[in-house]
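# Geometric and topological summary
Now for the letters of each chain:
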Amino acid sequence: FSTAMMGSGSIDVRYTRLEYCGRRDKMGKYCLHFHMVGTCPECVFQGNAVVDSQQVGITIHGTHKALVDQNTLWDARAAGIYTEDGNEMNNIISSNVVICSRWQVCAVPWLGKNSLQGAGIYMIGMTNDVLYNRIAGYEHGLYTPGSAFPNGQG
C-alpha cells in the first residue's frame, strides 16, 4: 500500500507505524508521499515508524513548506527520505532516524537508478532545511546529484 496526498488540501500523519508498504520500482508508490500539493505548511509527517518499505519511506514531490520530523525508518529500500524533482522548497526535514540493517538490503535498483544510488536521504535540489537527522547502514548517508540537475528534473 501507499499513503499519498495529491493535489490541493493537506495531510497530517503522526505517530503511526507503516509496514511493508510501497511497490518496488513503481513511480509514485511510496509509503508516505506528499504529491504535488504545492505550498502546504500544514502538511506533516511526524513521529512515524516506517518498517521494511519496498521503495522509499517518505517522499516529498512538488510540495513546499511541509514538515518531515522525528520519523524512524528501518530498512527502507532505495532511499529513506526522497525529494523527487528538485523543485521542492523550504521543507523542513529534521530529527529523523534512517537505518538500514545492512546496505545490501536497501541497495535495490529503483526508478531507473542503479542500486548504488540509494541513500538514507536522496535529494534532487538543495533548497530544503535538513537538520539533525541520523543515518546508518546505507551506501550513502546523503546523496544528491547536485549540479547534474541544476533546475530539478520535473
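Shown above is the structure to which this text applies.
Residues numbered from 1 in each chain as written. Predicted model: local features only at pLDDT ≥ 70, side-chain atom pairs only at ≥ 80, totals over all residues. Heavy atoms only, no water.

## Examining the nonpolar core
Where we set the bar: Note on terminology: a nonpolar core comprises buried Ala, Val, Leu, Ile, Met, Phe, Trp, Tyr and Cys residues joined through side-chain atoms within 4.5 Å. With a 1.4 Å probe rolled over the protein chains alone, any residue whose accessible area is under 20% of its type maximum counts as buried; one over 50% counts as exposed, and the rest are partly exposed. Counting from the N terminus, the helices are DSSP H or I runs at least four residues long and the strands are E runs at least two residues long.
In terms of nonpolar packing, the biggest core is built from 27 residues, with F34 and I81 touching the most fellow members. When contributions to this core are tallied by element, the ones reaching two or more residues are strand 4 (32-39), strand 7 (58-64), helix 1 (103-106) and strand 13 (119-123). Among the elements that make up this core, the one with the highest residue count is strand 4 (three residues). By size, the runner-up hydrophobic cluster in this structure holds 11 residues, among which are A79, V108, A119 and I124.

## A closer look at the pairing of strand 10 (residues 79-83)
The side chains of a regular strand alternate, first on one face of the sheet and then on the other. Defined as follows: For two strands to be treated as a pair, DSSP must find at least two bridges joining them.
The buried count for strand 10 comes to five of five residues, which makes it a mostly enclosed element. As paired strands, strand 7 and strand 10 are joined by three bridges and run parallel to one another. Paired with T59 across the bridge in strand 10 is Y82. As paired strands, strand 10 and strand 13 are joined by four bridges and run parallel to one another. Pairing of A79 across the sheet is with A119, part of strand 13.

## Quick notes on the pattern of salt bridges
Threshold: Any Lys or Arg side-chain nitrogen located within 4 Å of an Asp or Glu carboxyl oxygen qualifies as a salt bridge.
A complete count under the given rule lists three salt bridges for this structure. For D12, the salt bridge goes to R14, with nearest N and O atoms at 2.6 Å. Taking relative accessible area as the criterion, D12 reaches 42% and is therefore assigned partly exposed. Looking at R14, the relative accessible area reads 39%, which means it is partly exposed. Among the ionic pairs, R17 bridges to E19, the shortest N-O distance being 2.6 Å. A relative accessible area of 55% means that R17 is categorised as exposed.

Keep in mind these values describe shape, not function.
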